[in-house]
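Residue-level structural notes
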Amino acid sequence: MPLALTSIQGDIGFITLNHERKKNALSEPLVCEIISALAAFREQEIRVAILRAQTGSTVWSAGHDVTELPDSHRDPLEWQDPLRLLIREIENFPAPVIAMIEGTVWGGACETAFACDLIVAAPNATFAVTPAKLGVPYNVSGMVTFLNAAGLRIIKEMAFTAQPMTAEQAERLGMINYVVPVDELETFTVQLARKITANAPLSISVMKEQLRILAGARPMSPQGFERIQGLRRAVYSSDDYQEGIRAFKEKRKPVYKGR
Ligand code: YZS
């Protein structure tokens, strides 16, 4: 059974996350299927892609597949990590990608939603930034995705508490575009997509690329980057990181010691 289903309505393409049993955790196979779907959409000159879960989902995606994270001493979010590949594919897709969200969104899936160009959510959607729950040192470009999604203080609160934020609050803070009743979610999202497909695709594509480059243009010295990488290494080599992953697998609360 495919982990991601695709369909096309005119020049709008849908990718539906289809691994309900694992709460659409972004495993390597699922990410590969999403990336293949986006590649096919490129070939077919799809003008808007909509990334969604199955109707009625209570979890849009549980985030990175935690069972695929390395145990220790290896960067859990290195350049070729499936989540990193997925984020770059969405950002580099030459047409808008709309995240259509029903249900809860966790960790790397939250970054995935924020990497999409527009977000339309049902009232039951929530967004959680979870590295601190698992003891993960999030990577630098991932932090940029979060920084671009909300004000600094809001992102700090989300990252430090790891608590889910409601769709209503996310909309109020300008982090998502719309909250619409669940039974209108698809119709509304398609109408929004049609407003985009009515316009000039080359103009939209170049604006998306300009905004990607501008939004990612954060000055950082080589020394600053090396310092962050060193700090991150200390975290993914720590006992706490191992404890976070182990606790998830053992389905218990982690006990963190700060070392
Ligand atoms: O026991 P089985 O084999 O049926 O598997 C269970 C879960 O273990 C599995 N599953 C996952 N497997 C790998 N990675 C995941 N992220 C993941 N989430 C869930 O799916 C099966 C069904 O899950 P249940 O827990 O039984 O479902 P339910 O009781 O409905 O609860 C759904 C939620 C989503 C609330 C629950 O599964 C959950 O809390 N999942 C983890 C959410 C989370 O913290 N995600 C962040 C993952 N980390 C990242 O994305 C980044 C690396 S970071 O940590 O930096 O933010």
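Above this text is the structure in question.
Description of the structure in this document. Remember, predicted model here, so these are calculated numbers, not experimental data. (Residues numbered from 1 in each chain as written. Predicted model: local features only at pLDDT ≥ 70, side-chain atom pairs only at ≥ 80, totals over all residues. Heavy atoms only, no water.)

Attention now goes to the overall build of the chain. Of regular secondary structure, the chain possesses 11 helices and 10 strands. Rg of the C-alpha trace for the chain: 18 Å, near the compact-globule value of 18 Å for 259 residues, within the 12% margin. In the chain, buried positions account for 49% of the 259 residues. Surface accessibility of the chain: about 13,300 Å² in total, with carbon and sulfur atoms responsible for 56%. For the chain, the distance from the average position of its 28 positive side-chain charges to the average position of its 29 negative side-chain charges is 6 Å. (Helix = DSSP H or I, 4+ residues; strand = E, 2+ residues; numbered from the N terminus. Rg over C-alpha atoms; globule rule 2.2 N^0.38 Å. Buried < 20%, exposed > 50% of the residue type's maximum accessible area, 1.4 Å probe, protein only. Areas by Shrake-Rupley, 256 points an atom, 1.4 Å probe, with all protein chains shown as cover. Lys, Arg positive; Asp, Glu negative; His and termini not counted. Charge placed at Lys NZ, Arg CZ, Asp CG, Glu CD.)

Once that is clear, we can look at the site of the ligand. Taken together, 20 residues form the shell around the ligand, and within it Lys22, Ala62, Gly108, Thr130 and Lys251 come nearest. Separating an oxygen atom of the ligand from a side-chain N or O atom of lysine 22 is a distance of 2.7 Å. At 2.7 Å from an oxygen atom of the ligand is found a main-chain nitrogen or oxygen belonging to glycine 108. For the ligand, the accessible surface in isolation is 990 Å², of which the surrounding protein chains cover 72%. (Near = heavy atom within 4 Å. Polar contact = N/O pair within 3.5 Å; in protein donor to acceptor, adjacent residues only side chain to side chain.)

The subject of this paragraph is the layout of surface pockets. Taken as a whole, the second largest pocket spans an internal volume of roughly 820 Å³. Broken down by secondary-structure element, the contributors of at least two residues to the lining of the second largest pocket are α4 (131–134) and α11 (239–249). Among the elements that line the lining of the second largest pocket, the one with the most residues is α11, at four residues. Partitioning the lining of the second largest pocket into residue classes produces 14 nonpolar, seven polar and nine charged. (1 Å grid on protein atoms, 1.4 Å probe; cavity = no way out; pocket = protein on both sides within 12 Å on 5 of 7 lines; lining within 4 Å. Points joined across faces, edges and corners; volume = space filled by probe spheres on them. Nonpolar A, V, L, I, M, F, W, Y, C, P; charged D, E, K, R; others polar.)

Take helix α3 (residues 108–115) next. The element α3 is extensively covered by neighbouring structure, given that eight of its eight residues are classed as buried. For α3, every residue scored as buried is listed here: Gly108, Ala109, Cys110, Glu111, Thr112, Ala113, Phe114 and Ala115.

This brings us to the side chain of threonine 130. Considering the arrangement of structural elements, one finds threonine 130 in the loop between β8 (126–128) and α4. A distance of 3.4 Å separates a polar atom in the side chain of threonine 130 from the backbone nitrogen of glycine 107. Those residues in contact with threonine 130 that sit more than four places away from it in its chain are Trp106, Gly107 and Ala162. (Contact = heavy atoms within 4.5 Å.)

The next subject is the pairing of strand β7 (residues 118–121). Residues Leu118 and Val120 point to one face of β7 and Ile119 and Ala121 to the other, with burial holding for every one of them. Bridge analysis of strand β5 (residues 97–101) against β7 gives four bridges, and the strand direction is parallel. When the bridges of β7 are listed, methionine 100 appears paired with valine 120. Sheet analysis places β7 next to strand β10 (residues 178–179), joined by two bridges and oriented parallel. Bridging from a neighbouring strand, valine 120 pairs with tyrosine 178 of β10. (Pairing = 2+ DSSP bridges.)

Residues three or four positions apart in an α-helix share a direction because the helix packs 3.6 residues into each turn. Of the positions making up helix α6 (residues 152–161), those classed as buried are Ile155, Met158 and Ala159. Buried residues of α6, viewed axially, fall in a sector of 95 degrees; they line one side. Turned more than 90 degrees from where α6 packs its buried face, Arg153 and Phe160 sit exposed. Where α6 is buried, its residues meet β8, α4, α5 (140–149) and β9 (165–166). Immediately beyond the C-terminal end of α6, within one or two residues, lies alanine 162, with a positive phi of roughly 60 degrees. (Arc of directions from axis to C-beta.)

Moving on, we get to the sheet that holds strand β1 (residues 4–9). In spatial order, the strands read β1-β2-β3-β5-β7-β10; together these six strands make up an open sheet with mixed pairing. Taken across any chain shown, the strands that pair with only one partner, and hence form the sheet edges, are β1 and β10. In this sheet, strand β2 (residues 12–17) lies alongside β1 in antiparallel orientation, the contact comprising six bridges. Pairing of serine 7 across the sheet is with phenylalanine 14, part of β2. Together, β1, β2, β3 (48–53), β5, β7 and β10 form the strand contacts of helix α8 (residues 185–197), whose direction differs from that of β5 by roughly 170 degrees. (Axes fitted to C-alpha atoms, helices over the stretch in contact; angles between N-to-C directions.)

With that settled, consider the pairing of β5. The side chains of a regular strand alternate between both faces of the sheet. β5 sits mainly inside the fold: five of its five residues count as buried. Side-chain alternation along β5 places Val97, Ala99 and Ile101 on one buried face and Ile98 and Met100 on a second face that is also buried. Here four bridges tie β3 to β5, and the two strands are oriented parallel to one another. Within β5, the residue paired with alanine 49 across the bridge is valine 97.

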